[in-house]
Amino acid sequence: MQNRNSADCIVFDEQAEYCHQIASMNRGRNLKYYIETLGCQMNEADSEQISGMLIQMGYTDTLDIAKADIIVFNTCCVRENAEFKLYGHIGKLKTVKQLKEGLLIVICGCMMQQKHIVEKIKKSYKHIDIVFGTHNRHEFPKLLFRRITEKKKIYEVWEDNKGIIEKVPVKRKSIITAFVPITYGCDNFCSYCIVPYVRGREKSRNPEMIKNEIINLASEGINEITLLGQNVNSYNCGMDFPGLLYYISDISGIDRIRFMTSHPKDLSDNLIKAMKEIPQMCSHIHLPLQSGSNSILKQMNRKYTKDEYLFLIEKIRESLKDITISTDIIVGFPGETEDDFQETLQVYEKAGFDFAYTFIYSKRSGTPAANREDQIPDDVKNRRFAKLISLVNDMTLKSNINDENKVLQVLVEGKSRTDDLVMTGRTRSNKIVNFKCDTDFTGSLIDVKIVKGHTWHLEGEKI
Ligand code: 5AD
Ligand code: SF4
């Protein structure tokens, strides 16, 4: 098989040297870091690397921003409101920084891959110490070293994805489940989406690196992994995505394998077969539909029709009987008519989705859709969004009621945030289950009988 998009590998070794130097400068100072992540799971995974680097540099984490000696914002730019949110946050930090000598503020992530944003930070937010992008996040130790020793502001963003960075230390948020990136970037150029511009061309990670990471995770006690990529189905590095699933399926200690996201145009019969044959595969597929109108799908550059999508869903459900299917939907794409929107609602119902992430179209400068003159007015977008949410909630509730009286396997993730006697976890179908229990089963796989389906979770009883 051809290695169409496999990537050169950049190893962390040079940066590790900077980590050691900063760690010796920080020794005995009890310095703390606070990190805030905006956006998707890929950003969460990047933040886990940034946290890992900070720990190697001698910082410990804090959830209290007021106690931090270094504050990191890992940004997202998929929608416009993330930008406003960031400016709000960093604006407020100006006085905090004046009051706390030595406090460092770092901004990184997708938003920093946009030149105009970095210019704005340089000009209007001079209290920001370090800016870097997604492609050079592994350089954080070097940049921090320069900030400390040269005493000047650092703005350094690589324009391209020069290779996949390996051996970066990682501090995982969870001790039970873990994200494992398998591809970076995206080649699909959906006409509304900024990701290909800020994350670069798609690159697949070496399968041996992936397998070694998962073996290590299993030895640390992780039970469940989620393979991550903008479009995992186009993984291609000496093997395709189903090939990768078979390749990692002999790792012992990992009970559950998930993946996201799948582009419908690339979901192959072999993937469905692999999901059926590999016992660790979870019974959930996230398959973004975006719109139910053929005309809008074409304008979005999605490369499938609604019938092709529905046919795919039928095929998946036929082969994988207990599968849960979730999706992403955008309302208010430029030129979307009332009929287009009605088609989205119809296809949503027909597909019988179990849950969905819903989005109001947001203009992203640099993308083809942003230049269109037929943008939809906010009041129309909001009205359509409210109708969509109401359908999504009704159908999610229906799907959850359908699970009542079933006995489902739950991977227990911990105690509920609101009630100490309630444990919470996820089914193989990726639904949240809360159940009363006075023993702490965190990290265990247990059987739970579903007694009630709610819109946002299932209520169960341990059996
Ligand atoms: N406006 C609204 N939603 C968007 N998404 C991506 N770009 C935009 C945009 N400009 C949504 C898509 C994608 C999800 C991660 O974010 O539905 O699948
Ligand atoms: Fe964006 Fe489309 Fe790529 Fe998903 S597949 S990241 S929506 S361009």
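Residues numbered from 1 in each chain as written. Chains lettered and ligands numbered in written order. Predicted model: local features only at pLDDT ≥ 70, side-chain atom pairs only at ≥ 80, totals over all residues. Heavy atoms only, no water.

Draft legend 1. Quick peek at the site of ligand 1. Neighbouring ligand 1 are V78, R79, Y192, Q290, D328, I330, F359, I360, Y361, S362 and R364. Between a nitrogen atom of ligand 1 and a main-chain N or O atom of Y192, the distance comes to 3.0 Å. Contact between ligand 1 and Q290: an oxygen atom at 2.7 Å from a side-chain N or O atom of the residue. Relative to its free-state accessible area of 400 Å², ligand 1 is covered by the protein chains to the extent of 85%. (Near = heavy atom within 4 Å. Polar contact = N/O pair within 3.5 Å; in protein donor to acceptor, adjacent residues only side chain to side chain. Areas by Shrake-Rupley, 256 points an atom, 1.4 Å probe, with all protein chains shown as cover.)

Draft legend 2. Main features of the nonpolar core. Formed by 56 residues in total, the largest nonpolar core has its most connected members in I225, L227, F241 and I316. Residue contacts for F241: discarding those within four places in its chain leaves I182, L227, V232, N233, Y235, F259 and L271. In this structure, L31, Y33, I70 and V168 belong to the second largest nonpolar core, which totals 25 residues. (Core = buried A, V, L, I, M, F, W, Y, C linked by side-chain atoms within 4.5 Å. Buried < 20%, exposed > 50% of the residue type's maximum accessible area, 1.4 Å probe, protein only. Contact = heavy atoms within 4.5 Å.)

Draft legend 3. Inspection of the sheet that holds strand β16 (residues 355-360) at higher detail. Taken in spatial order, the three strands make up an open sheet running β14-β15-β16, and their pairing is parallel. Looking along the sheet, the strands with just one partner apiece sit at the ends: β14 (284-286) and β16. Across the sheet, the mean angle separating the axes of adjacent strands is 15° when strand polarity is ignored. Here β14 pairs with strand β15 (residues 324-331) via three bridges, running parallel. Across the sheet, residue H286 finds its bridge partner in β15, namely S326. Sitting on the sheet, helix α13 (residues 378-401) touches β15 and β16, and the angle it makes with β16 is about 175°. (Pairing = 2+ DSSP bridges. Helix = DSSP H or I, 4+ residues; strand = E, 2+ residues; numbered from the N terminus. Axes fitted to C-alpha atoms, helices over the stretch in contact; angles between N-to-C directions.)

Draft legend 4. Structural detail: the pairing of β16. Two elements, β15 and β16, share six bridges in a ladder whose sense is parallel. The residue bridging I330 from the neighbouring strand is F359, located in β16. The handedness of the β15 to β16 crossover, carried by helix α12 (residues 338-351), is right-handed. (Right-handed = clockwise from strand over helix to strand, strands pointing away.)

Draft legend 5. Representation of the layout of surface pockets in the model. Considering only enclosed or pocket space, the second largest pocket measures out at about 560 Å³ in volume. What lines the second largest pocket is a set of 28 residues, and nearest its centre among them are K321, D322, I323, T324 and S429. Those elements that provide at least two residues to the lining of the second largest pocket are α9 (269-277), α13 and β17 (407-415). With three residues, α13 is the largest single contributor of residues to the lining of the second largest pocket. Broken down by class, the residue content of the lining of the second largest pocket amounts to ten nonpolar, eight polar and ten charged. (1 Å grid on protein atoms, 1.4 Å probe; cavity = no way out; pocket = protein on both sides within 12 Å on 5 of 7 lines; lining within 4 Å. Points joined across faces, edges and corners; volume = space filled by probe spheres on them. Nonpolar A, V, L, I, M, F, W, Y, C, P; charged D, E, K, R; others polar.)

Draft legend 6. Just the domain arrangement of the protein, in detail. Each assigned domain of the protein is listed with its residue range as follows: domain 1 (9-156), domain 2 (174-401) and domain 3 (407-462). Between domain 1 and domain 3, the C-alpha centre-to-centre distance is 36 Å. (Domains from an automatic or database assignment.)

Draft legend 7. Up close: empty space enclosed by the protein. Taken as a whole and assessed by the stated rule, the structure comprises two cavities of 30 Å³ or more. Put simply, the largest cavity is a space of about 110 Å³. Along its surface, the largest cavity is lined by T134, H135, R137, N161, K162, G163, I164, I165, Y184 and R199. Among the residues making up the lining of the largest cavity, the classes are represented as three nonpolar, four polar and three charged. Estimates place the volume of the second largest cavity at around 30 Å³.

Draft legend 8. Representation of the side chain of N430 in the model. Tracing the backbone through its elements, the reader meets N430 in the loop between β18 (422-427) and β19 (432-436). Within polar-contact distance, the side chain of N430 engages the side chain of H284 at 3.4 Å. Among the polar contacts listed, one links the side chain of N430 to the side chain of R426, at a separation of 3.3 Å. For N430, the residues in contact, after removing those within four places along its chain, are R258, H284 and F355.

Draft legend 9. Inspection of the site of ligand 2 at higher detail. Within the structure, ligand 2 sits among C186, N188, F189, C190, Y192, C193, V195, P196, Q230, H263 and R302. Class assignment for the residues of the shell around ligand 2 results in seven nonpolar, three polar and one charged.

Draft legend 10. How the structure looks around the sheet that holds strand β3 (residues 60-61). The sheet built from six strands is open, its strands ordered β3-β2-β4-β5-β6-β7 with parallel pairing. Two strands close off the open sheet at either side, each with one partner strand: β3 and β7 (154-156). Note: strand β6 (residues 130-132) against β7, three bridges, orientation parallel. Residue pairing in the sheet places I130 in a bridge with I154 of β7. Set on the sheet, helix α3 (residues 80-99) makes contact with β2 (32-37), β4 (70-75) and β5 (104-109); between it and β4 the angle comes to about 170°. Relative to the sheet, helix α5 (residues 140-150) contacts β4, β5, β6 and β7, its axis offset from that of β6 by approximately 155°.

Draft legend 11. Quick peek at helix α7 (residues 207-219). Taking 1.5 Å as the rise per residue, α7 with 13 residues should run 18 Å; its terminal C-alpha atoms sit 18 Å apart, in good agreement. Those residues of α7 that fall on the buried side of the exposure criterion are P207, I210, K211, E213, I214, L217 and A218. Take α7 and look down its axis: the buried residues cluster within an arc of 160°, on one side only. Facing away from the buried side of α7 by more than 90 degrees, the exposed set consists of E208 and S219. Tucked inside the fold, the buried residues of α7 contact β9 (177-181), β12 (224-228) and α8 (241-248). The N-cap residue of α7 is N206: its side-chain oxygen and the backbone nitrogen of E208 are 2.7 Å apart. At the exit of α7 stands G221, carrying a positive phi of roughly 100°. (Expected span 1.5 Å × (residues − 1). Arc of directions from axis to C-beta.)

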